[in-house]
Amino acid sequence: MNYLEELNPSQREAVEHTEGPLLVLAGAGSGKTRVITYRIAYLVNVKKIFPGKILAVTFTNRAAGEMRSRVHSLIGISHYVRAGTFHSTALAFLKRYIQYTPYKNGFSVIEKDDRLSLVRQVIKELNLDSKLFSPKKYMHAISSYKNSMRYIEEGDPSDRDFGERFWDIFDGYSKALLDQRLIDFDDMLAYCLRILLRSPEVLEEYKKSCEYILVDEYQDTNAVQFAFLKILAGANGNLCVVGDDDQSIYAFRGAEISNILNFEKHFENVREIKLTQNYRSTEKILSLANNLIGYNFSRRGKLLKAERSEKGEVTFRNFKSEKEEADFLAEKAYEWYIAGRNLSDMAVLYRTNAQSRNFEIALKRESIPYKVVGGVGFYQRREIKDILSYLRVLGNPFDEISFVRSIKTPPRGVGDQLIDKIKFYAESERVDFLTAASQVAFTAPKRQAMGINLFLNIILTVNSAATITDKVSAAIRETKYQEYLFATEEREEAREREDNILELINAAAGFEEQYPDAPLSDFLAASSLTSSEDEKTVLGAVSLMTIHSAKGLEFDSVYIAGAEEGIFPIGSLRNGETELEEERRLCYVAITRAKTYLTVACAQSRIMHGSRLKMNPSRFIREMREGMLETGIPVFHETFGEGFIIDLGKETPIPIADVMFRRSGRKRIRADFLKIKS
DNA sequence: ATCAGAGGTGTTTTT
DNA sequence: CACCTCTGAT
């Protein structure tokens, strides 16, 4: 087994320690994926474990795919190794044990946007004012509740934590899901766990296929995911979790950093291994990362050591405006390109998606190829949802949202009133929407009946197409979707959307190639589980993305944009320190994406919410540069008084107000105070 | 039934 | 600024 030689001693230990709970604290760039894949290979090849007894879980499909292909190249066959996201794993489980769910006749997956419309609908039906009862907030509350153990145990319904009408809305939403045979993202895991908790025979059986569990990005697990692992592995199980507490950036979505901080309290005889040798970044970059993260208190503590010997290059820039910030990047990208380097080795990272705009404009102007990664995902695009709604309604004719969407787009004379009739019929006769539609068409006036029949004919034609790919093509063709696009949208917009729907045909073909006999519902489920996170960076183009989407990636040159108070850290920190620490971890993630070159940029002013605001450099700049203030010259800062010029030489000086950064003593200045209208 | 325009609202990150 | 919803006109 010569590949063990390709590992350093700690990595090797992590690979070879196969029995009992194992916590691998893997710093950024320390060969985390390598450990997981080699470990699987070791289990199969050396320990002779049947691959079907191994379960590997990650958070993104991209990571799961990568893992599969790397395992494949190590051991040849990877068919029986199950590597997937928590959600795809849960979905596969539910498919297998569907008789244990309330969805014995099948279900389809409801996506985020549709969940929101459903909540909105429920709020409306309860005659509540959507201004007072913000659908977004309630959606979020429902989601948090479903990600808690109270929900799994169907906790105390008198619980009023979420406010007066929460339970009304929650019940309405739950009923709608059940009626429409829909399952949401949170329920995938919730139902899965409920079954495991309540049906010992299922647990017994399923456990056999999970004798060796590996978890990637363990710091991002939430309470339900933790419970899932716990019940499968038990206190002494062969559970190997790999993660980095310093890279926990998903608390807002329920991730519990305590899962990794207190791992050894939940399991017995835990072996802990730290991976601190960094193979990615140069020394200068790592020292910035180490300095910065040292300001956090809630962490296990570790120092990354650079294995690369090159010094690397770190630059701080302070620009007049967001425009200059973008122009500078465009210039840098041009130089990079002229120097014969690959633009895909370069990335711009920002805190919020909205920041991409200026960079897009600047790069477009200079004709530099770029790719905005993330943002609105492919399957969230309107045109894609429009076409897929036809397939979805075929897959699940009880799905009201997909039914409504498909029957009214493109418009064909079926309006809200007619749709209400169909809904009413479906409800009173307890039939699905397609049946209801055809029934209503009999009694409706000619004109209305024509619209419905037009729609039903399209559905029939799509249904009779043999393959999934053909179904997609049929939906596009029969709805005359392209014509519709060019009739209603600007040329360029329509062209782009057209490209996307053609890409959808490719996606379907690709899916069928990979899973030749999979039913339509599998394709639809896969599309629901595919997020913008899974999009790849493009060869020969600069990548633009949020720091969240950059997790797990690396680039030779990284440009961190908008390092300003109010942006990064973001200006809405409610729980003070806890959230600030998460922002700091986010910054740590951003820095550690860089291999050789790192630029941190801030602007003195920027347009936000429509008006130009004065901005101040992020405290993170100060923190990461700690110990590098060789020649700090005191200076008067117009807003905050005494401060320092910390950046000397060719760069524009960065004035930093001392009061902003003093760690002890005076109270922290609130971020919204920092936004001063000019 | 459909669309255009006004007005109001909020704005982090996403499996 | 950008999005969404609601309204009123066609």
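About the cut-offs
- Residues numbered from 1 in each chain as written.
- Chains lettered and ligands numbered in written order.
- Predicted model: local features only at pLDDT ≥ 70, side-chain atom pairs only at ≥ 80, totals over all residues.
- Heavy atoms only, no water.
- Near = heavy atom within 4 Å.
- Polar contact = N/O pair within 3.5 Å; in protein donor to acceptor, adjacent residues only side chain to side chain.
- Axes fitted to C-alpha atoms, helices over the stretch in contact; angles between N-to-C directions.
- Helix = DSSP H or I, 4+ residues; strand = E, 2+ residues; numbered from the N terminus.
- Left-handed = near helix turned anticlockwise from the far one by under 90°.
- Contact = heavy atoms within 4.5 Å.
- Buried < 20%, exposed > 50% of the residue type's maximum accessible area, 1.4 Å probe, protein only.
- Pairing = 2+ DSSP bridges.
- Salt bridge = Lys/Arg side-chain N within 4 Å of Asp/Glu carboxyl O.
- Phe/Tyr/Trp six-rings, centres within 6.5 Å; stacked < 30°, edge-to-face > 60°.
- Lys NZ or Arg CZ within 6 Å of the ring centre and 35° of its normal.

Novice: What's the story with the protein's contact with DNA strand C in this structure? I'm lost.
Specialist: Around DNA strand C, a shell composed of R120, R357 and G610 is seen. Here a phosphate oxygen of DNA strand C and a side-chain polar atom of R357 are 3.1 Å apart.

Novice: Looking at this structure, how should I read the packing of helix α18 (residues 400-408) against helix α19 (residues 416-429)?
Specialist: The relative placement of two packed helices is expressed as an angle between their axes plus a distance between the axes. At their nearest, the axes of α18 and α19 sit 11 Å apart, and the two run at 140° to each other. Two packed elements cross with a definite hand, and for α18 against α19 that hand is right-handed. Along the contact surface, α18 presents E400, F403, V404, I407 and K408, while α19 presents D416, I419, I422 and K423.

Novice: How should the environment of R606 be read in this particular structure?
Specialist: With respect to the helices and strands, the residue R606 is situated in strand β16 (residues 594-608). Among the residues examined, R606 registers a relative accessible area of 4% and is labelled buried. Placed 196 residues apart in sequence, R606 and P410 show a C-alpha to C-alpha distance of 40 Å. Contacts of R606, omitting those with residues within four sequence positions, involve E322, E325, G562, E564, I567, S611, R612, L613 and M615. Among the polar contacts listed, one links the side chain of R606 to the side chain of E325, at a separation of 3.2 Å. Within the local environment of R606, its side chain forms a polar contact with the side chain of E564, the two groups lying 2.7 Å apart.

Novice: Whenever I open this one, the pairing of strand β12 (residues 346-350) confuses me. Can you help?
Specialist: Within a regular strand, the side chains alternate between the two sheet faces. Counting buried positions over the five residues of β12 gives five, a clear majority of the element. Covered by surrounding structure in β12 are M346, V348 and Y350 together with A347 and L349, the residues of both alternating faces. Sheet analysis places β12 next to strand β15 (residues 555-560), joined by four bridges and oriented parallel. The residue bridging L349 from the neighbouring strand is I560, located in β15. Across four bridges, β12 lies against strand β14 (residues 542-546) in parallel orientation. Across the sheet, the residue bridging to Y350 is T546, located in β14.

Novice: Help me understand the pattern of salt bridges, please; the structure alone is not making it clear to me.
Specialist: Between side chains of opposite charge, a pair can form as their charged atoms come close. A complete count under the given rule lists 41 salt bridges for this structure. Across the salt bridge formed by K551 and E217, the nearest N and O atoms sit 3.5 Å from each other. Of this pair, K551 sits in the loop between α26 (547-550) and β15 while E217 sits in the loop between β6 (212-215) and α11 (223-233), and the two are 334 residues apart along the sequence. We note a salt bridge from K551 to D220, for which the minimum N-O separation is 2.4 Å. Here K551 is found in the loop between α26 and β15, whereas its partner D220 is found in the loop between β6 and α11, with 331 residues between them in sequence. Neither residue differs from the other here; K551 and D220 are each classed as buried. When salt bridges with common partners are traced through the structure, they connect K32, D216, E217, D220 and K551 into a single cluster.

Novice: Would you mind showing me how to read α18 here?
Specialist: Residue pairs three or four apart in sequence face the same way in an α-helix, which turns once every 3.6 residues. Counting buried positions along α18 yields seven of nine residues, so the element is predominantly enclosed. Among the residues of α18, those classed as buried are E400, I401, S402, F403, V404, S406 and I407. Contact partners of the buried residues in α18: α5 (112-125), α17 (382-395), α19, α20 (433-443) and α21 (446-464). Measuring from the side-chain oxygen of the N-cap residue of α18 to the backbone nitrogen of I401 gives 3.2 Å; that N-cap residue is D399.

Novice: Is there a simple way to think about the packing of aromatic side chains in this case?
Specialist: Two measures describe an aromatic ring pair: the distance that separates the ring centres and the angle between the ring planes. With the rule as written, the count across this model stands at 30 aromatic pairs. Ring centres 5.8 Å apart and planes at 70° place the aromatic pair Y103 and F107 in the edge-to-face group. Ring geometry for W336 and Y597: centres 5.7 Å apart, planes at 90°, overall edge-to-face. Of the two residues, W336 is situated in helix α15 (residues 322-338) and Y597 in strand β16; the sequence distance between them amounts to 261 residues. A relative accessible area of 9% means that W336 is categorised as buried. Take Y597: its relative accessible area is 26%, and that puts it in the partly exposed class. Grouped by ring-pair contacts, the aromatic residues Y145, Y151, F166, W167 and F170 constitute a single cluster. Above the ring of F398, the side-chain terminus of R181 is found at 3.6 Å from the ring centroid. Directly above the ring of W336 sits R341, whose terminal nitrogen or CZ lies 4.3 Å from the centroid.

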